[in-house]
Amino acid sequence: MSILVFAVLNVLHMLLWAYTWVIIIAALLTWVRPDPSNPIVQIFYRLSYPLLAFVRRKLPFLVINGIDISPLVVVIVLQVFDQVIRFYIGV
């Protein structure tokens, strides 16, 4: 495997890992209701909202009795993609 392909897949693995944590932290922030004008909270919401909104729109049944499990589904899908990438990297 070319070193360039290896490097690109490795960077993609790191980005998926970081975005997974962004989704997890954003989901945890919804439990504590922090100040929405806080810049750090805004960053997490702005990074996670587009993907979560897409999943909520395409799969509306993920909201069960007011409990939204779309972050769980997004994290599982990101982990599947990450495992596929790690398989090709050989880690």
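Before any of the text, the structure's been laid out above.
Here's what I pulled together on the structure shown here. (Residues numbered from 1 in each chain as written. Predicted model: local features only at pLDDT ≥ 70, side-chain atom pairs only at ≥ 80, totals over all residues. Heavy atoms only, no water.)

Counted under the stated rule, the structure contains one aromatic pair. Ring centres of phenylalanine 87 and tyrosine 88 lie 5.5 Å apart, and the angle between their planes is 70°; on these two criteria the pair is classed as edge-to-face. (Phe/Tyr/Trp six-rings, centres within 6.5 Å; stacked < 30°, edge-to-face > 60°.)

Relative to the helices and strands, threonine 20 is located in helix α1 (residues 3-32). Take threonine 20: its relative accessible area is 4%, and that puts it in the buried class. Setting aside residues up to four positions removed in sequence, threonine 20 forms contacts with Val75, Leu78 and Gln79. (Helix = DSSP H or I, 4+ residues; strand = E, 2+ residues; numbered from the N terminus. Buried < 20%, exposed > 50% of the residue type's maximum accessible area, 1.4 Å probe, protein only. Contact = heavy atoms within 4.5 Å.)

Moving on, we come to the pattern of salt bridges. Tallied over the entire structure, the rule returns one salt bridge. Two residues, aspartate 68 and arginine 56, come together in a salt bridge whose shortest N-O distance is 2.5 Å. Remark: arginine 56 occurs in helix α2 (residues 39-58) and aspartate 68 occurs in strand β2 (residues 67-68); sequence separation between them is twelve residues. With a relative accessible area of 28%, aspartate 68 lands in the partly exposed category. For arginine 56, a relative accessible area of 32% gives the class partly exposed. (Salt bridge = Lys/Arg side-chain N within 4 Å of Asp/Glu carboxyl O.)

Turning next to the nonpolar core. Leu9, Leu16, Ile23, Leu52, Val55, Leu62, Val74, Val75, Leu78, Ile85 and Ile89 together form the largest nonpolar core, which totals eleven residues. Mapped by element, the contributors of at least two residues to this core are α1, α2 and α3 (70-89). Considering each element in turn, this core owes the most residues, five residues, to α3. Residues within four places of leucine 62 in sequence aside, it is in contact with Val55, Ile67, Asp68, Ile69, Ser70 and Val73. In terms of nonpolar packing, the next biggest core, distinct from the first, is built from five residues, Ala26, Leu29, Val41 and Phe44 among them. (Core = buried A, V, L, I, M, F, W, Y, C linked by side-chain atoms within 4.5 Å.)

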